[in-house]
Structures are given as C-alpha cells and as structure tokens.
Amino acid sequence: MSAETMEQTVAGERAPVGRVRLAAGRLAGSRGALTGVVVLALLFLLAFVGPYLTPWDYATPDYTALRQPPSGQHWFGTNGLGQDVFAQTVRGLQKSLVIGLLVAVLSTGLASLVGACAGYFGGWTDRVLTFLVDLMLIFPAFLVIAVISPRLRGSGWIAFVVLLAVFNWMITARVIRSMTRSLREREFVAAARFMGVAPFRIIWRHILPNVSSFLIIDATITVGGAVMSEAALSYFGFGVRPPDVSLGTLLAAGAGDAPVFPWLFYFAAGLLVLFVLAVNLVGDGLRDALDPTAAPGRRARKTANSSRRSTS
Amino acid sequence: MTSPLLAVRNLTVDFGDHPAVRGVDLEVHRGETLGLVGESGSGKSVTALAVLGLLPAAGRIGGSVQLDGRELVGLPAKQLAGIRGRRIAMVFQDPLSAFTPVYRIGDQIAEAVRVHQPVSRDAARRRAADLLDLVGIPDPKRALDAYPHEFSGGMRQRAMIAMAVANDPDILLADEPTTALDVTIQAQVLDVLRTAQRETGAALVLVSHDLGVIAGSADRVAVMYAGRIVETAPVDELFTAPRHPYTLGLIGAVPRLDGRGGPLVPIPGRPPAAGELRGPGCPFADRCPLVEDRCRTAEPPLTGGGTHPAGGGTHLAACLRADHLAATRPAPAEVYPVPEVPAADAAPREEREPVLAVSGLTRSFPRYRGTLLRRRIGETFAVDGVDLDIRRGETLGLVGESGSGKSTTLYEILKLAAPQGGRIELLGQDTAALDRAAAHRLRARVQIVFQDPAASLDPRMPVGDVIAEPLLAQRVPAADARRRIPELLRQVGLDPAHADRYPHEFSGGQRQRISIARALAVRPDLLVLDEPVSALDVSVQAGVLNLLQQLKAELGLAYLFVSHDLSVVRHLADRVAVMYLGRTVETGTVERVFAEPRHPYTRALLAAVPLPDPAAERARPRLLLAGDPPSPAERHLGCPFRSRCPVHAALAPEQRTRCATELPPATPAAPGVDHTAACHFPDGGRPPLGHAGTDPACPPPRRG
C-alpha cells in the first residue's frame with residue numbers, strides 16, 4: 001500500500017468496527033457454520049411444525065396398523081403398539097433439541113464461570129471453588145438425579161435440564177481453571193489490570209475469548225452427550241416418561257428391533273446424527289470466527305503482509 | 001594469502017519452499033575472528049548451523065562447505081560427528097538449554113574430551129578442571145561436581161566455552177553467545193572467548209545482532225540480509241566506510257553511549273521474515289533510500305567495486321550503488337530520511353511539578369519450602385531501598401541488570417496501593433492514602449508499555465478494541481472511545497484503516513506502536529516503559545525510540561524508562577537511576593552520570609557496554625567486574641556491592657570495615673548538584689569533582 005492510498009483511507013474515515021461485529025462477519029462468511037445454522041433451523045421447524053402435518057398423535061395407538069413399515073398413511077411406519085413413528089420422532093426431536101442445546105449452554109456457562117473465577121482470583125476463592133468441584137465430582141451423579149427427579153416431577157423438563165447440566169460441568173471447570181491460571185500471568189492481562197479494568201470484565205473480555213476454542217468444542221460434545229444421558233435416565237424411568245418420548249427413548253426402544261424393523265430406529269438415529277453434526281459445524285465456524293489465526297483469517301494476513309512495509 | 005581454513009561457497013539452505021540462506025560465501029582463516037551480523041530472520045544462525053550439519057531435518061542444504069579442503073556438505077553423519085567438537089565447535093546462545101540438566105558439568109566436559117580422544121576417565125576429568133580454570137571459573141575442582149542449574153547464566157556460558165575448546169578445535173562457532181546475558185557478564189564472556197581463542201589458536205566465527213559486540217571482537221565482518229551476505233570488510237573499514245546502504249542504516253540506527261542528541265536513523269519498513277518469498281531484484285530495495293530502477297530488475301552480486309581499490313579486494317558489497325557510497329562516504333543521516341523530533345519544553349527542572357516521587361521503597365517476597373506443610377524459610381528482598389523522582393516532561397532511565405528489582409519496582413508503583421515499605425507519591429497523591437475511586441481515576445494518568453509486544457496484546461482482540469480498552473475502563477462511552485481510535489493509530493504512525501486487524505497481523509515494531517497507542521489513549525501524564533525496545537530489531541527499534549521522543553515533546557509526557565541497555569537510556573533519558581540488588585546506587589542527570597560516574601558499579605556497567613565503533617572500543621580502558629551479583633535472598637550488612645567492588649578491593653583494611661558494616665547512604669556529589677551515589681568512597685575514594693573521564697582509581701581489571 002503506498003502513501004497516497006493510505007491518505008485516501010484516512011480521508012474516508014470511519015470508526016472501526018468492534019470485535020463482536022468482526023467475529024460475526026467472519027462467522028457469516030464461513031460456509032460450514034451457515035450450513036449448520038440452516039440445518040438446525042430446519043430441524044427446529046420440523047420438530048415444532050411436524051406435529052401439525054400428520055393427523056396422528058404420538059401417544060394414541062392405531063390398532064389397525066401394528067409394526068407397519070413406512071407408507072402413505074404412516075410416513076415413518078408404526079411401532080408394536082401401533083403408534084405413529086413420525087409423530088413420535090418429531091415429538092422426541094422437540095424434547096431432544098431443547099434438552100441438548102440447553103444442557104450444553106448451561107453446563108459450559110457454569111464451567112467457564114466457576115473455572116475462570118477460581119483461576120483468576122486464586123487464593124480462597126480458588127480453594128472454595130475447587131473444593132466444590134471435587135465434591136460434585138465424587139457424587140454419583142446418576143444416583144443423585146435418580147433420587148431427586150421424582151420430586152421434581154411437577155416442574156417438568158426444565159428441572160431435568162438443570163439437573164443434567166449441574167452434573168456435567170466439573171471436569172470442564174477444572175480445565176478452564178488451569179488455562180486461566182496460565183493466562184492471568186500473561187502480559188495482556190496484567191496490562192488490562194493496570195488500566196483499571198474490573199476483574200469480571202477482564203474475565204469476559206480477555207480470559208474467556210482466549211479459552212473459547214476449548215469451550216466451544218466442549219459444548220458441542222456436551223450436546224450429543226446430553227441427549228444420550230437423557231435417554232439413559234429415561235430408560236430407568238426418570239426424565240422423559242412414557243407415553244411422552246424423546247429421541248433418546250426412541251433410540252433405546254428401537255435399538256433391539258433395528259435389524260428387523262429398521263424404521264423404528266433409523267429415523268430417530270438419523271435425526272440425532274444430523275443434529276449433532278449441525279451443532280459441530282456451527283461450533284467449528286464459531287471457533288474459527290473467534291480465533292483470528294484460523295483459516296479464514298489467513299487471507300487477511302496476506303494482505304497485511306503486503307502492506308506492512310508502508311509503516312515500520 | 002594462505003588457503004582458508006573454512007571456505008563456504010554458494011551455501012543455500014531452504015525449508016520447504018522457504019529459502020533461509022540464498023548463496024553465502026565465507027572464508028575463515030586460521031586465528032582470525034569473523035563477525036556475522038544480521039537482524040532476526042537474516043539467516044545468520046542457519047548459516048552457522050549449516051556449517052556444522054546441525055540443521056533440522058526439514059532443511060535442505062546446497063553449495064559447498066570445505067574445511068581444510070575437505071567437503072563437509074553431504075558427508076555421512078558418522079564422519080561429520082568426528083569433525084563436530086573436534087575441529088569445529090559450537091557455543092550456543094542459550095546456556096540454560098545447552099547442558100543436560102541431570103549430569104554434572106564436569107562429566108559433560110569430560111565426555112566431550114573422551115568422545116574424541118582416547119584418554120582415561122581421570123585424565124579427562126583433569127582436563128575438564130584445566131578447561132574450567134581457563135575460562136575463569138573459581139575453584140574448578142569443585143565446579144566439576146556442580147549441576148548446570150547451580151551455575152549462573154554467565155558461569156554456564158563459560159562452561160559451554162570450556163566444553164567447546166576441550167579438543168582444541170580449529171574453528172569456534174559462537175551463535176549469539178552473549179545475547180541472553182547482562183552487560184557486565186557479557187563483557188566477561190567475550191573476554192573468555194578471546195582468551196579461549198588465543199590459547200587454542202582457533203578461528204572464531206561470532207554470530208550476533210549486536211554491532212557493538214562485533215566491533216569489539218571481530219577482525220572481519222560479514223553483514224547478512226534476507227539470507228545473503230550484503231557486505232563484507234575488515235572491521236574498521238566496515239564501520240568507517242560502509243558501502244551497502246543497509247550497513248550504513250544499521251550503524252545509524254544504533255543509539256550510542258558516546259554520543260547523544262537528535263533522532264536516530266530508522267530504516268523504513270521491516271526486515272523480511274526468514275524464508276519470505278520475494279520478487280526479483282535487490283531484497284533491500286523496498287527499504288533503501290538510494291534505490292534506482294535497475295535495483296529492482298536483478299539481485300546485485302557481491303563484488304569489490306572496481307573503481308575503488310581502497311579495500312584491496314577484501315571489501316565487498318552487494319549493491320549497485322556501492323561505488324557511490326565508497327566515494328562520498330555519507331553519514332547515515334545524509335542518506336536516510338530522518339524525522340524531525342521537536343525540542344521538548346525546556347523549563348528549569350525545579351519549576352516543573354513532580355509526577356512520581358518514590359522514596360525508600362521496599363518489597364520482599366516470602367520463600368516457602370514444602371508442599372504439604374508449607375513453612376517460611378526466608379525472604380527474597382527484591383526491592384530494598386529505591387528512590388526515584390520524575391518531573392513533568394522528563395524521562396528517567398532506570399538501569400540495572402536482571403534481578404536488580406527493576407520490574408518489581410514498576411509493579412509496586414503501578415499497584416497504586418500502600419507499598420510494603422517506603423512511600424510512593426504519584427502526581428502529588430500518596431498511594432497509601434488512595435481510596436478505590438481515587439485509585440481508579442489515577443490509573444488513567446499512569447500507563448504502561450510492556451517489553452514483549454507479542455505478549456502484551458490480547459491475540460483475540462482486534463487492535464481497535466485493544467486501543468479502546470483503557471478508555472472503556474475509564475467509563476468513556478463506547479462510541480466516543482471508538483471515534484478516538486483512528487486518531488491514536490495515526491499518532492503512532494500506523495494506518496487507521498488497520499484498526500480491525502488482529503495483533504498477529506502486525507510486525508514486532510508495529511505491535512509495540514499499538515501498545516504505545518493503547519497507553520496514550522487516556523492521555524496519561526506518566527508512561528512506564530518496561531524495556532520497550534529490547535525485543536525489537538535494531539533498525540525497527542530506532543523508529544520506536546524516535547516516536548517516543550516525539551510523543552514526549554508533543555504531549556509533555558513523563559517517562560519512566562526501564563532498560564538494561566545503557567546506550568538506549570543514554571539516548572532517550574534526561575535523568576538516570578542505576579539499580580543494584582534492589583537499591584538505587586546512583587542517580588543524576590544523564591550527562592553527569594555517563595560522563596563522571598561516581599559509583600564503582602556504574603563505572604563497571606558503562607565500561608562493559610560495547611561501542612559500535614572499533615577504534616573507540618579498542619582505545620577504551622577495560623574494566624571487568626568479577627563474579628555474579630549476590631543472591632537477593634539474604635540481607636547484606638553494609639554495602640551490597642562490596643563483594644564485586646574494585647574500589648573495595650583496593651582499600652586499606654580499616655576503610656574496608658566501613659563498607660562491611662555501614663550501608664552507604666545516597667549522597668550528592670556537591671550541594672545543589674543533581675547527582676547522588678550510594679558509596680562510601682565515590683569517585684574511587686578521591687575527592688569528588690575536579691576530574692573527568694573514567695580513568696579508574698580501581699586496580700587494573702583482571703584480563704583473561
């Protein structure tokens with residue numbers, strides 16, 4: 001870039017955009033992330049509009065059609081009780097989408113808050129929070145949920161989401177804590193401290209963005225994990241109870257019949273795989289958008305290289 | 001002339017598609033010292049490693065390296081191993097990682113002997129002790145049994161040299177041997193290198209980025225740029241009549257201990273990164289003020305410039321304008337554009353308001369042992385009596401070796417809290433008496449620039465956000481903060497359009513400018529600069545130093561400039577404070593302290609700084625300081641410097657007791673003179689004033 005063009009850019013001055021807009025722009029430019037978002041949107045559409053498309057209800061059996069393969073009447077076929085698999089699948093998808101995403105967001109959020117605070121503040125805060133994490137780790141989560149969930153029957157699936165999240169964040173928190181401890185020794189954190197930036201602001205603006213790659217990967221893994229652990233709990237009669245269904249319960253019920261009656265298993269399994277894949281695509285895009293050294297940034301770096309010579 | 005000992009012809013090294021060395025020719029003769037100078041990424045270390053065949057596996061080597069007529073390139077590893085250490089030995093930059101931590105020093109040196117010589121274990125051990133003695137390690141018999149971590153950096157580098165000369169090699173390759181060391185230790189190690197060279201008669205290839213080190217040690221110099229040698233000449237000629245504009249620029253860009261005033265000569269642009277691909281033509285063309293159209297068509301060869309026989313064929317330059325430079329011999333400032341640095345406001349010092357006043361500052365850290373049952377086993381006295389005084393528009397240089405407590409002092413000041421001991425007054429406010437709101441307001445008036453621009457900028461934040469951060473911290477509305485970003489970027493010489501790029505997209509010098517812009521955002525009164533240029537290349541450093549001078553004059557800033565580099569301090573500072581072992585031992589105006597240092601430590605420090613001028617360097621009296629600084633873990637009764645003090649060593653016994661029992665207070669040279677020294681016998685025990693220069697009353701220093 002020559003001196004003249006530099007002058008021109010000075011003349012046409014604009015306030016530079018901030019980090020959020022930059023990252024959003026990079027996210028929008030990532031094809032993978034866009035695909036993921038579109039797939040997720042379609043899944044939500046299917047889950048919440050699907051029940052109105054079919055005359056069948058997820059619970060009411062059709063005694064005229066037991067274990068029928070997919071047909072014009074029952075699009076995904078029926079199960080042994082004569083319930084419509086399509087109605088069941090979209091109903092289950094509703095539950096699983098919400099549970100998976102909410103558990104991932106809640107548990108990762110909690111993990112980053114606790115981990116970053118423990119790592120950043122150190123001292124007694126660290127000791128108390130680490131003790132809490134260790135305590136939660138040694139609780140047998142499955143048993144505790146099993147004990148508590150009957151009492152929460154009235155409060156519905158939200159309580160169930162909270163329970164799943166509360167027993168899922170500890171290991172992530174420990175990793176975040178150690179990452180924060182090394183980050184807080186870095187000079188840019190010291191610089192922010194000396195500027196008078198408040199501690200939680202430092203955590204929000206400097207610590208969390210620098211551990212975001214890990215957080216995002218952790219959250220995307222949690223999405224799939226939450227759907228499956230919900231299924232495991234439902235199998236034992238906690239969480240989603242019959243006749244209500246989720247993708248997890250459908251999978252658990254259909255797994256044994258899969259070789260003989262594939263429609264009982266593969267529609268639910270396919271949707272779950274699609275869901276987790278979409279979440280991963282969005283996560284990858286988000287990670288690259290937040291990490292300036294990642295692939296989409298490389299084009300920008302090249303142009304910077306060629307213009308670097310203009311200044312020192 | 002006899003045939004060269006080592007002849008490198010058209011050496012090329014590339015890593016994948018990235019050429020790191022692109023055709024280097026070198027000749028080293030028996031007993032001479034060849035200096036290889038260049039900035040980072042110029043390929044000087046790769047050249048040294050390629051000679052030894054020590055390149056990483058990804059590197060492809062071409063051309064020829066001949067030792068006494070024997071080709072080394074392509075030699076089987078086993079035969080090469082017989083040459084390494086025996087005929088060519090290497091001294092590495094980082095003495096910490098060059099020794100195996102789990103073996104004793106003596107065993108490692110003995111191993112080097114036994115690998116190449118059929119001697120008994122005992123003989124090898126005796127030889128190792130002799131070698132340690134040669135490099136000046138006290139009590140060599142005991143040092144044999146020490147582990148590497150028990151040695152200080154300087155001691156380790158000496159031991160490294162001992163290991164290198166164990167088999168009387170013909171060639172000693174030293175790759176930045178003193179870069180990781182303090183100046184006084186650097187002087188010791190360079191001296192040891194010279195001794196080792198003299199004792200063994202080896203040729204020395206000294207690779208360095210420091211022109212001062214090269215000027216003082218080398219006989220011939222080769223300057224590297226972008227993987228090629230651009231100029232080679234005998235040392236005196238190179239420094240007095242450089243024929244390549246890059247060499248000329250380098251000489252002009254170095255701040256000097258013996259000169260002052262005016263801006264430095266920055267070379268525009270930045271040095272190309274290692275292996276960066278370029279178009280045809282001279283790689284320096286983009287930065288060169290003498291560039292012509294023909295420079296861009298083909299890369300000029302390294303030739304002797306036929307019209308000027310002065311060099312006698314030994315002065316070669318790879319520049320089409322070499323004859324022009326040889327004929328006119330311009331000063332760097334006549335060739336390179338030099339920025340105008342406005343003169344600072346010149347009100348007398350007493351009339352300016354104080355910005356920072358520190359008196360008797362102390363800070364110690366408890367040391368613990370044990371993990372389960374932690375018990376306190378002592379204290380480290382990191383800062384133990386620091387006095388500083390800065391007025392508006394003034395630069396105070398804080399100088400000291402590593403471990404002298406400079407950084408701890410800074411952090412204590414910036415904490416804006418009550419210090420452990422002593423008193424800190426910032427802009428007239430005692431930091432001990434500040435409440436939270438007042439401390440927060442004060443933060444806007446003191447800002448810091450860190451040493452490493454790569455570490456002090458958040459890699460995940462665009463530079464616009466980085467610069468706006470201190471404003472946001474002071475609760476400036478976000479929109480207003482954003483509007484100031486372009487102006488700030490322009491102020492430090494960057495393109496405002498780059499505000500939404502991330503730090504990694506900038507070069508080192510540019511990142512340091514971003515750091516400065518961030519610090520200036522809140523219009524501070526005091527800028528604390530913690531070694532702001534020591535991570536930068538010389539040619540880039542000059543630009544940043546000029547910027548600092550310009551900003552100071554324009555904005556009336558005060559600087560607390562911490563540095564281990566006395567030349568930079570001499571160039572930039574108005575006043576200087578010298579620290580040793582957590583104490584300020586000498587303060588005063590730069591002119592006085594550098595011309596008539598009163599404390600023996602300051603004298604030694606100044607004498608240790610190499611000058612980038614071979615003639616002046618040879619003419620200087622040499623004053624080597626023995627040993628390493630003592631540990632700050634124990635409190636010293638009396639003067640902490642006396643264990644290394646040349647004045648103390650020459651005193652009569654009854655005078656010595658005073659040094660041993662009484663802590664010397666800071667006393668001014670004369671009433672009303674801004675120059676104090678904390679020494680019982682300043683000026684070498686003679687009456688102060690009435691003399692000039694560094695002529696030491698100290699005993700003649702130990703040489704080799």
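Here, the structure is the one placed above.
Residues numbered from 1 in each chain as written. Chains lettered and ligands numbered in written order. Predicted model: local features only at pLDDT ≥ 70, side-chain atom pairs only at ≥ 80, totals over all residues. Heavy atoms only, no water.

Asks: Looking at this structure, how should I read the overall build of chain B?
Replies: Per the secondary structure count, chain B includes 24 helices and 23 strands. Compactness check: chain B gives a C-alpha radius of gyration of 26 Å against a globular reference of 27 Å for 704 residues, within 12% of the reference. Principal axes of the C-alpha set define a box for chain B whose edges measure 75 × 65 × 60 Å. Of all 704 residues assigned to chain B, the portion counted as buried reaches 57%. (Helix = DSSP H or I, 4+ residues; strand = E, 2+ residues; numbered from the N terminus. Rg over C-alpha atoms; globule rule 2.2 N^0.38 Å. Buried < 20%, exposed > 50% of the residue type's maximum accessible area, 1.4 Å probe, protein only.)

Asks: Sorry if this is basic, but what is going on with the packing of helix α3 (residues 105-116) of chain B against helix α4 (residues 121-134) of chain B here?
Replies: A pair of packed helices is captured by two measures, namely the crossing angle of their axes and the spacing between those axes. Residue and element names in this part refer to chain B. Across the interface, α3 lies against α4 with an axial gap of 8 Å and an inter-helix angle of 115°. Between α3 and α4, the interaxial angle falls into the category roughly perpendicular. Crossing angle aside, the handedness with which α3 passes α4 is right-handed. Contacts between α3 and α4 involve G106, D107, I109, A110, V113 and R114 from the first element and R121, A124, R125, R127, A128, L131 and L132 from the second. Considering only residue class, the contact of α3 with α4 consists of seven nonpolar, one polar and five charged. (Axes fitted to C-alpha atoms, helices over the stretch in contact; angles between N-to-C directions. Parallel < 35°, antiparallel > 145°, perpendicular 65-115°, else oblique. Left-handed = near helix turned anticlockwise from the far one by under 90°. Contact = heavy atoms within 4.5 Å. Nonpolar A, V, L, I, M, F, W, Y, C, P; charged D, E, K, R; others polar.)

Asks: Sorry, what's going on with the interface of chain B and chain A here?
Replies: It is common to give the size of an interface as the accessible area that goes away when the parts come together. Listed per partner, the contact involves 51 residues of chain B and 46 residues of chain A. Approximately 4400 Å² of surface area, both sides summed, lies buried where chain B meets chain A, with 54% of it carried by carbon and sulfur atoms. The tally of links between chain B and chain A comes to two salt bridges. Here R460 of chain B and D291 of chain A are joined by a salt bridge, their closest N and O atoms 3.7 Å apart. Our count for the chain B to chain A interface comes out at eight residue pairs in polar contact (both at pLDDT 80 or more). Broken down by secondary-structure element, the contributors of at least two residues to the side of chain B that touches chain A are α13 (406-414), α14 (436-443), β17 (446-449), α15 (463-473), α16 (478-491) and α17 (508-520) of chain B. Among the elements that take part in the side of chain B that touches chain A, α15 of chain B stands out by supplying five residues, more than any other. Split by residue class, the side of chain B that touches chain A holds 21 nonpolar, twelve polar and 18 charged. (Buried area = accessible area lost by both parts, 1.4 Å probe. Salt bridge = Lys/Arg side-chain N within 4 Å of Asp/Glu carboxyl O. Polar contact = N/O pair within 3.5 Å; in protein donor to acceptor, adjacent residues only side chain to side chain.)

Asks: Where do I start with the packing of α15 of chain B against α16 of chain B in this structure?
Replies: Residue and element names in this part refer to chain B. The geometry of α15 relative to α16 is characterised by a closest axis approach of 9 Å and an angle of 125° between their N-to-C directions. As far as their axial angle goes, α16 and α15 are oblique. In this structure, the crossing between α15 and α16 has a hand that is right-handed. Listed contacts from α16 to G464, D465, I467, A468, L471 and L472 of α15 are A478, A481, R482, R484, I485, L488 and L489. Among the residues forming the contact of α15 with α16, the class breakdown is nine nonpolar, one polar and three charged.

Asks: Is there a simple way to explain the side chain of N167 of chain B in this structure?
Replies: All names here are of chain B. With respect to the element layout, N167 can be found in the loop between α6 (153-164) and β7 (171-175). Judged by relative accessible area, N167 falls into the buried class, the value being 4%. Leave out the neighbours within four places in its chain, and N167 touches G85, R86, A112, V113, H116, Q117 and R127.

Asks: Can you help me understand the nonpolar core in this one?
Replies: Considering soluble globular proteins, one finds that nonpolar side chains tend to be buried as a cluster. With 103 residues, the main nonpolar core has I516, L566 and F594 of chain B as its most contacted residues. Sort the elements by how many residues they give to this core and helix α18 (residues 538-555) of chain B lands first, with seven residues. Setting aside residues no more than four positions away along its own chain, L566 of chain B makes contact with V183, L257, V399, F594, L605, L606 and V609 of chain B. Counting 73 residues, the second largest nonpolar core, distinct from the first, contains A111, A118, Y120 and I207 of chain A. (Core = buried A, V, L, I, M, F, W, Y, C linked by side-chain atoms within 4.5 Å.)

Asks: Which parts of the structure should I look at to understand the side chain of N546 of chain B?
Replies: Residue and element names in this part refer to chain B. Among the secondary structure elements, N546 is positioned in helix α18. Here N546 falls in the buried class, since its relative accessible area comes to 4%. In this structure, N546 is in contact with P263, L264, P266, P339 and V341, ignoring residues within four places of it in sequence.

Asks: Sorry, what's going on with the sheet that holds strand β8 (residues 203-208) of chain B here?
Replies: Backbone-to-backbone hydrogen bonds pair the strands of a sheet. The strands run either parallel or antiparallel. Residue and element names in this part refer to chain B. Taken together, the seven strands give an open sheet; going across it, the order is β6-β7-β8-β3-β9-β10-β11, and neighbouring strands pair in mixed fashion. What marks the edges here is a single partner per strand, and that holds for β6 (88-91) and β11 (316-317). As paired elements, strand β10 (residues 228-234) and β11 share two bridges and run antiparallel to each other. Within the sheet, the bridge partner assigned to E231 lies in β11 and is A317. (Pairing = 2+ DSSP bridges.)

Asks: Hey, could you run me through the state of the cysteines in this one?
Replies: A covalent bond between the sulfur atoms of two cysteines is referred to as a disulfide. A full pass over the atoms with the stated rule returns zero disulfides over all chains. Its sulfur unpaired, C295 of chain B is 6.0 Å from the next cysteine sulfur, which belongs to C282 of chain B. (Disulfide = S-S within 2.5 Å.)

Asks: What should I look at first to understand the sheet that holds strand β15 (residues 421-426) of chain B in this one?
Replies: Residues and elements named next belong to chain B. Reading across the sheet, the four strands line up as β13-β12-β15-β16 and stay open at both edges, with antiparallel pairing between neighbours. Bordering the open sheet on either side are β13 (375-391) and β16 (429-430), each of which pairs with just one other strand. With 13 bridges joining them, strand β12 (residues 354-369) and β13 adopt antiparallel strand pairing. Bridge pairing in β13 places S364 opposite F381.

Asks: Hey, could you run me through the pattern of salt bridges in this one?
Replies: Any two side chains of opposite charge can pair, so long as their charged atoms come close to each other. Residues and elements named next belong to chain B. What the rule picks out here adds up to 42 salt bridges over all chains. When the shortest N-O distance is used, the salt bridge between R296 and D286 registers 3.1 Å. Of this pair, R296 sits in the loop between α10 (245-253) and β11 while D286 sits in the loop between α10 and β11, placing them ten residues apart in sequence. What emerges from the salt-bridge pattern is a single network uniting R30, D68, R87 and D170.

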